[in-house]
Amino acid sequence: MAEGRCRRLADLPSGILENVASFLVNPSRAIFAAVLATSDSPSDTRSAIVGDQWDTLDFGEIEKDLAAKLSDDDIHKILLCTDAVNRVKRLMLTNCTHITGVGLEPLRGSIIIEQIDLSLVAYHESPVLDPAPPISWVYVLPILESIISQAGYELKLLEFPKHWHDSSDPIQFLDRYLHMWSNRFELTCLSTGCNEIVNEVELCCKCMNYYCDFCVTDDDERMIAYCDKCEKRYCYECVAIKDCRCCHQSYCSGHCDVSFHECCEGCGKICPDCDTEERQCHRCKDRWCDDCGGEVSQKCSFCNIRLCNCCDTNFKYCENDSCLWNFCGDCLSNSKGCIKCNKCEKVWCDECADNYCGDGFYFPNGHPKIGNCDGCDCNVCFHCNDYWSDCGRCNGIYCVQCWDRNDLRLLDGCYRCQKPIQCSCVPMALQCLNVCEDCFECGFPDNGCPGCIRNAENKLNRLNEGNKPAVDTSGSG
């Protein structure tokens, strides 16, 4: 190999290395400098690579897989070569899921750091990690203790990993930190004309701006709000927060709500937890929120299927005002759980039809005034039929048209009990005697003797003979 050729990266001129580093994001520059620190490269070269713009160190700016491979030793070297204890104001360990927290030791005693995000997840991601990362409060809390014990510390925003919330020590530390925070800082809401004092939980995790929970924009949007999915708080300038129209939980618009469905009325979005069968049409799959659902959809009381008004325009309610049952077009056409008058098309559920006595009155166990006629199988309600006639013997029910038929001629009924006896179930012989079988008494010991029946039949025959037209026997015809 020719003499003078560069054999190592560190042998390159510092100007070239500095120029390469200028194209890298801060975490990559820090990693680059940490790698060079392991060689015998000049310190001024490493300083040139690192630069002096280290207010924010967010590992979310590099590839997720790379951040996940960083060890505690890597983090330790990065914080040392960037002089983080004196430079870094905001530290986000995004995606650093391989560390235990020991590598944060170079931050001990920092008085300039303002934000430490240990949640290990990026913006708009769920804080729940499975399996739980190895980062331990046993190593981290002493470092945080050294920071807040310094006079004039600036730590305003602190976020813990989700699985720490189940341990008492981190929670006790956090409570103590918040108590100290309220005594240490007195921040006034940045909204124009508002003098409300804000607390730690009213800081935006992206820009560190702070607003009170009461202030809203000109569009009536909250100036700061909490996302229930990623469990972070954002101001209106960084992320718009929208509420689910059903459960009213808040989500980052365009980020945490990407799997949401729009209400068909265009009033807002519905989160996946609220996207149930009760809030969507069984046919077209349109969704609606709770506020719009009662206006754009109905649920059949019999088949329990919910349909929007566009897919089914034939929904009808039971005519009984005190009954809340309604029926879809399919159940109406097949008489499932309901009866519809063939004339006026009013609908009764089966129970109310059995107890309907006309003129809006319903009585428990009352005699049905709407139902299938035993003569023609029609459904006619009380208002459309002058009256229903029923047989006193078999309880058969007939509409007016059927009751007036020839084979069901209208008689006065049994002369003893006054019950109507005109029905095909009553022998015609007894109909002629105007007596029902229950009231018929024979003069002989055995009631209903054949003789009496025969006499009645003979009487009927004579009546029929008398109704025949006379026959001309004179031969004049």
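Provided above is the structure to which this section pertains.
Residues numbered from 1 in each chain as written. Predicted model: local features only at pLDDT ≥ 70, side-chain atom pairs only at ≥ 80, totals over all residues. Heavy atoms only, no water.

## Some details on unusual backbone geometry
- Between Asp-130 and the following residue, Pro-131, the backbone shows a cis peptide bond with an omega angle of 5°.
- When you line up the elements, Pro-131 lands in the loop between β3 (115-117) and α7 (137-148).
- Of note in this structure, Asp-220 is not a glycine but carries a positive phi near 65°.
- One can find Asp-220 in the loop between β6 (197-198) and β7 (224-226). (Helix = DSSP H or I, 4+ residues; strand = E, 2+ residues; numbered from the N terminus.)

## Concerning the packing of aromatic side chains
- Following the criterion strictly, the structure yields eight aromatic pairs and no others.
- Summarising the aromatic geometry, the rings of Phe-160 and Trp-164 are spaced 5.0 Å apart at their centres and angled 65° between planes, so their arrangement reads as edge-to-face.
- Looking at Trp-164, the relative accessible area reads 1%, which means it is buried.
- Centre to centre, the rings of Tyr-211 and Tyr-236 are 5.8 Å apart; their planes meet at 65°, and the pair counts as edge-to-face. Of this pair, Tyr-211 sits in the loop between β6 and β7 while Tyr-236 sits in the loop between β8 (233-235) and β9 (241-243); the two residues are 25 residues apart in sequence, bridging distant segments of the chain.
- For Tyr-211, a relative accessible area of 6% puts it in the buried group.
- Since its relative accessible area comes to 34%, Tyr-236 is described here as partly exposed.
- Following the ring pairs from residue to residue traces out a cluster consisting of Tyr-153, Trp-181 and Phe-185.
- Here the basic side chain of Lys-206 rests over the ring of Tyr-123, its NZ or CZ set 5.0 Å away from the ring centre. (Phe/Tyr/Trp six-rings, centres within 6.5 Å; stacked < 30°, edge-to-face > 60°. Buried < 20%, exposed > 50% of the residue type's maximum accessible area, 1.4 Å probe, protein only. Lys NZ or Arg CZ within 6 Å of the ring centre and 35° of its normal.)

## Here we look at the sheet that holds strand β4 (residues 157-159)
- The strand order across the open sheet built from four strands is β1-β2-β3-β4, with neighbouring strands paired in parallel fashion. Across the chains shown, the open sheet's two edge strands, defined by having one partner strand only, are β1 (56-58) and β4. Averaged over all pairs of adjacent strands, the angle between their axes in this sheet comes to 5°, without regard to strand direction.
- Pairing of β1 with strand β2 (residues 90-92), which is carried by three bridges, proceeds in the parallel orientation. Bridging from a neighbouring strand, Leu-57 pairs with Leu-91 of β2. (Pairing = 2+ DSSP bridges. Axes fitted to C-alpha atoms, helices over the stretch in contact; angles between N-to-C directions.)

## Thoughts on the pattern of salt bridges
- Throughout the structure, instances matching the rule amount to 14 salt bridges.
- We note a salt bridge from Asp-117 to Lys-232, for which the minimum N-O separation is 3.2 Å. On the criterion of sequence distance, the pair formed by Asp-117 in strand β3 and Lys-232 in the loop between β7 and β8 is long-range, its members being 115 residues apart.
- Salt bridges here are not isolated pairs; linked through shared partners, they connect Asp-117, Glu-159 and Lys-232. (Salt bridge = Lys/Arg side-chain N within 4 Å of Asp/Glu carboxyl O.)

## With respect to α7
- If you check α7, its first and last C-alpha atoms are 16 Å apart, about what 12 residues at 1.5 Å a residue would give, namely 16 Å.
- Of the positions making up α7, those classed as buried are Val-140, Leu-141, Ile-143, Leu-144, Ser-146, Ile-147 and Ile-148.
- Capping the start of α7, Ser-136 holds a side-chain oxygen 3.1 Å from the backbone nitrogen of Val-138, two or three residues further along. (Expected span 1.5 Å × (residues − 1). Polar contact = N/O pair within 3.5 Å; in protein donor to acceptor, adjacent residues only side chain to side chain.)

## Here we look at the environment of Val-258
- If you trace the backbone, Val-258 turns up in the loop between β10 (250-252) and β11 (261-262).
- Each C-alpha atom, one on Val-258 and one on Lys-269, is 9.9 Å from the other, the two residues being 11 residues apart in sequence.

## Description of the nonpolar core
- With 95 residues, the main nonpolar core has Phe-59, Leu-91, Leu-93, Leu-104, Leu-118, Leu-144 and Tyr-234 as its most contacted residues.
- If one sorts the elements of this core by residue count, α7 sits on top with six residues.
- Look past the residues within four positions of Leu-91 in its chain and what remains in contact with it is Leu-57, Phe-59, Leu-104, Leu-107, Ile-113, Gln-115, Ile-116 and Asp-117. (Core = buried A, V, L, I, M, F, W, Y, C linked by side-chain atoms within 4.5 Å. Contact = heavy atoms within 4.5 Å.)

## Remarks on the side chain of Thr-82
- Along the chain, Thr-82 falls in the loop between α5 (72-81) and α6 (84-87).
- Within the structure, the side chain of Thr-82 is placed 2.8 Å from the backbone oxygen of Ile-78, a separation counted as a polar contact.

## Side note on the layout of surface pockets
- Approximately 470 Å³ is the volume attributed to the largest pocket.
- Lining of the largest pocket is provided by 23 residues; of these, Leu-158, Glu-159, Tyr-226, Glu-231 and Lys-232 occupy positions nearest its centre.
- Mapped onto the lining of the largest pocket, the elements with two or more residues apiece are β4 and α8 (168-184).
- For the lining of the largest pocket, the element with the highest residue contribution is β4, accounting for three residues.
- Per-class residue counts for the lining of the largest pocket are 14 nonpolar, two polar and seven charged. (1 Å grid on protein atoms, 1.4 Å probe; cavity = no way out; pocket = protein on both sides within 12 Å on 5 of 7 lines; lining within 4 Å. Points joined across faces, edges and corners; volume = space filled by probe spheres on them. Nonpolar A, V, L, I, M, F, W, Y, C, P; charged D, E, K, R; others polar.)

## Regarding a nonpolar patch on the surface
- On the surface, Val-102, Val-138 and Tyr-139 cluster together into a nonpolar patch covering about 270 Å² of accessible area.
- Residue classification places Val-102 among the partly exposed positions, given a relative accessible area of 41%. (Patch = residues over 30% accessible without salt bridge, like charges linked within 9 Å, V, L, I, M, F, W, Y side chains within 5 Å. Areas by Shrake-Rupley, 256 points an atom, 1.4 Å probe, with all protein chains shown as cover.)

## Describing the packing of α7 against α8
- Remark: α7 packs on α8, axes separated minimally by 11 Å, with the N-to-C direction vectors making an angle of 15°. In terms of orientation, α7 and α8 fall into the roughly parallel class. Crossing handedness for the pair α7 and α8: left-handed. Only Asp-169, Pro-170, Phe-173, Arg-176, Tyr-177 and Met-180 of α8 make contact with α7, whose side of the interface consists of Trp-137, Leu-141, Leu-144, Glu-145 and Ile-148.
- Residue composition of the contact of α7 with α8, grouped by class: eight nonpolar, no polar and three charged. (Parallel < 35°, antiparallel > 145°, perpendicular 65-115°, else oblique. Left-handed = near helix turned anticlockwise from the far one by under 90°.)

## Notes on the state of the cysteines
- For the structure on display, the rule yields zero disulfides.
- Cysteine Cys-207 is unpaired, with the sulfur of Cys-235 as its nearest cysteine sulfur at 3.5 Å.
- Cys-227 takes part in no disulfide bond, and the closest cysteine sulfur, belonging to Cys-230, lies 3.5 Å away.
- Overall, Cys-227 belongs to the buried group, its relative accessible area being 0%. (Disulfide = S-S within 2.5 Å.)

## Quick word on the side chain of Thr-217
- Along the polypeptide, Thr-217 turns up in the loop between β6 and β7.
- When its relative accessible area of 16% is taken as the criterion, Thr-217 is described as buried.
- If we skip the residues at most four places from it in the chain, Thr-217 touches Met-223 and Tyr-236.

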